[in-house]
Protein chains: 2
Amino acid sequence: MLNELEQVRPADIEKRSFEIITEELGDKELIPGTEPVVKRCIHTSADFDYADNLVFSDHVIERALTALRNGASIVTDTQMAKAGINKKRLAQYGGEVYCFMSDEDVAQAAKRNGTTRAAACMDKAAAMWRDRDRREKNADGENGLIFAIGNAPTALVRLYELINEGKLKPELIIAAPVGFVNVVQSKELILTLKDIPYIVARGRKGGSNIAACICNSLLYML
Amino acid sequence: MLNELEQVRPADIEKRSFEIITEELGDKELIPGTEPVVKRCIHTSADFDYADNLVFSDHVIERALTALRNGASIVTDTQMAKAGINKKRLAQYGGEVYCFMSDEDVAQAAKRNGTTRAAACMDKAAAMWRDRDRREKNADGENGLIFAIGNAPTALVRLYELINEGKLKPELIIAAPVGFVNVVQSKELILTLKDIPYIVARGRKGGSNIAACICNSLLYML
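Residues numbered from 1 in each chain as written. Chains lettered and ligands numbered in written order. Predicted model: local features only at pLDDT ≥ 70, side-chain atom pairs only at ≥ 80, totals over all residues. Heavy atoms only, no water.

As recorded in an unreviewed UniProt entry, chain A goes by Precorrin-8X methylmutase and comes from Candidatus Mediterraneibacter faecavium. What the UniProt record of chain A gives under Sequence similarities (unreviewed entry) is the line "Belongs to the CobH/CbiC family." (UniProt positions renumbered as here; feature names shortened; annotations may be inferred.)

Mapping chain B onto chain A calls for a screw motion: a turn of 180° about the axis and a shift of 0.0 Å along it, with 0.0 Å RMSD after fitting. What we have between these two chains is a two-fold relation. Residues of chain B ranked by C-alpha distance from the rotation axis are headed by Met80(B), positioned 2.4 Å from it. Same-surface contact between copies: 100% of interface residues of chain B are shared with the interface of chain A. (Least-squares fit on C-alpha atoms with pLDDT ≥ 70 in both. Contact = heavy atoms within 4.5 Å.)

Before going further, it helps to spend a moment on the pattern of salt bridges. Tallied over the full model, the rule gives 34 salt bridges over all chains. With a closest N to O distance of 2.8 Å, Arg158(A) and Asp123(A) form a salt bridge. With Arg158(A) in helix α9 (residues 153–164) and Asp123(A) in helix α8 (residues 117–135), this residue pair connects regions lying 35 residues apart in the sequence. Overall, the relative accessible area of 26% leaves Asp123(A) in the partly exposed class. Here the salt bridges do not stand alone but share partners, grouping Asp47(A), Asp49(A), Lys205(A), Asp47(B), Asp49(B) and Lys205(B) into one network. (Salt bridge = Lys/Arg side-chain N within 4 Å of Asp/Glu carboxyl O. Helix = DSSP H or I, 4+ residues; strand = E, 2+ residues; numbered from the N terminus. Buried < 20%, exposed > 50% of the residue type's maximum accessible area, 1.4 Å probe, protein only.)

Turning next to helix α7 (residues 104–113) of chain A. Residues and elements named next belong to chain A. Buried within α7 are the following residues: Val106, Ala109 and Ala110. The buried residues of α7 occupy an angular sector of 100° when projected down its axis, which confines them to one face. Away from the buried face of α7 by more than 90 degrees, exposed residues Glu104, Lys111 and Arg112 are located. One or two steps after α7, the chain reaches glycine 114, where phi turns positive at roughly 60°. (Arc of directions from axis to C-beta.)

The geometry of a pair of packed helices is captured by two quantities: the angle between their axes and the separation between those axes. All names here are of chain A. Contact geometry of helix α1 (residues 13–25) with helix α2 (residues 35–45) gives a least axis separation of 10 Å together with a crossing angle of 110°. As summarised for this structure, α1 and α2 are arranged roughly perpendicular, according to the angle between their axes. Residues Glu14, Ser17, Phe18, Ile21, Thr22 and Leu25 of α1 form the contact with α2, whose participating residues are Lys39, Arg40, Ile42 and His43. For the contact of α1 with α2, the residue count by class is 4 nonpolar, 3 polar and 3 charged. (Axes fitted to C-alpha atoms, helices over the stretch in contact; angles between N-to-C directions. Parallel < 35°, antiparallel > 145°, perpendicular 65-115°, else oblique. Nonpolar A, V, L, I, M, F, W, Y, C, P; charged D, E, K, R; others polar.)

Once that is clear, we can look at the packing of aromatic side chains. One pass over the structure, following the stated rule, counts 4 aromatic pairs over all chains. Ring centres of Phe180(A) and Phe48(B) lie 6.0 Å apart, and the angle between their planes is 85°; on these two criteria the pair is classed as edge-to-face. Residue Phe180(A) is located in the loop between β5 (172–175) and α10 (183–191), and its partner Phe48(B) is located in the loop between α2 (35–45) and α3 (50–53); the two belong to separate chains. Given a relative accessible area of 23%, Phe48(B) falls into the partly exposed group. (Phe/Tyr/Trp six-rings, centres within 6.5 Å; stacked < 30°, edge-to-face > 60°.)

Right, let's get into the side chain of Arg158(B). For Arg158(B), a relative accessible area of 17% puts it in the buried group. Leave out the neighbours within four places in its chain, and Arg158(B) touches Ala119(B), Met122(B), Asp123(B) and Glu165(B).

Looking now at empty space enclosed by the protein. Scanning the model with the defined rule gives 1 cavity of 30 Å³ or more in all. Considering only enclosed or pocket space, the largest cavity measures out at about 120 Å³ in volume. Together, 14 residues line the largest cavity, and Ser45(A), Asp47(A), Asn209(A), Ser45(B) and Asp47(B) are the ones closest to its centre. Residue assignment for the lining of the largest cavity shows that the elements contributing at least two residues are α11 (208–221) of chain A together with α11 (208–221) of chain B. Residue classes in the lining of the largest cavity are distributed as 4 nonpolar, 6 polar and 4 charged. (1 Å grid on protein atoms, 1.4 Å probe; cavity = no way out; pocket = protein on both sides within 12 Å on 5 of 7 lines; lining within 4 Å. Points joined across faces, edges and corners; volume = space filled by probe spheres on them.)

Another aspect to go through is the environment of Ser17(A). In this structure, Ser17(A) sits in helix α1. Considering only alpha carbons, one finds Ser17(A) and Thr116(A), 99 residues apart in sequence, at a separation of 38 Å. Those residues in contact with Ser17(A) that lie beyond four places of it in its chain are His43(A), Phe180(B) and Val181(B).

The next thing to look at is the interface of chain B and chain A. Taken together, the contact between chain B and chain A spans 47 residues of the former and 47 residues of the latter. Roughly 3,500 Å² is buried in total at the junction of chain B and chain A, and carbon and sulfur atoms are behind 73% of that figure. The tally of links from chain B across to chain A stands at 4 salt bridges. Here Arg204(B) ties to Glu24(A) by a salt bridge, and the two come within 2.5 Å at their closest N and O atoms. Mapped onto the side of chain B that touches chain A, the elements with two or more residues apiece are α1 (13–25), α2, α5 (79–84), α9 (153–164), α10 (183–191) and α11 of chain B. Ranked by the residues each element gives to the side of chain B that touches chain A, the list is headed by α1(B), at 6 residues. (Buried area = accessible area lost by both parts, 1.4 Å probe.)

Below, the structure is given as structure tokens:
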């Protein structure tokens, strides 16, 4: 059995994987510039559905890279996505990763408001964003926030509300909750946003791994 | 758009999700006792392929639950899986989660041996297991290790070698690497093991999320 293993040097495994993905995608047409994102999602899941279900707003890659270069931070709704995002790479540009899901004040706010902790996390992120924005007024997006949502539809719904109430203006929303209850609908909500850049994993599929790998695919393009 | 959301109380979202999964599985026959594992993998990925690609060794659920009850710890090959495993629940029985991927000695050993860090992590786990076994000799499986592999085929290959060399005897191997290079083959290796309980996500699919959710599905059965 052991002799059936392909001989690939550790450093070359990822390269070889992307070659196989490219081969198997064949003539599949991807939106120019989005290939690294699509291919990394397939790399992370071995699921070629991501060649069809990722939706990109206009110029989102360009805008996301600008935000990251300017030091945008990433807010996510799971500790798993936080663990998966390349924090060293992000820190090179000044950003960091926040996940408030285990915070005591978030648990209390969720209980008080009869909502989910994920929704309460978005309120906490919006408050942080407004505080920073007031403190260090500048137009370079240095206080920018990217939202990488890999689990909770309620986080996307709350983001949608906060944006419409003028309380938050994300640099990018990565909408990749996974599952069966309000997942599809919450992503469709994000697709209706006009001036907010988004990358949406349309349908039921997604996950913390997908949210993290979309962040990483952007970081590796810098 | 907001009024298209299904009204489900936060506490009931998971229950409703599992109802939908059960409905959609329809008459699909699952091995008795494995349903919670299969359904949680589908819950985590929204991918019904997991109804077909999970392979269970004989009596694996029973044996895994016994190991966990006896305080087995979990070794995983990614920080993401570590983040995703319910560590509080595991700690109730005396176990903890180890991921050695970021350890300096692991990086050095991998470099020295021309292998991957994931393979070096398995060596470190085996050394830990032998040390504990020598120190606290008992037959209750209290020094038991469960391996939850969600990324690296090389980790599975090294586990296979260590077991055959008599240097390690895991209580359970969760074999769920994802990807394109040696992933399929490394899982087939695990399927040839005779006396080691396993849960294998056969084929290319898997991931840290799947490895973690299989651990959690077992913990929630206790």
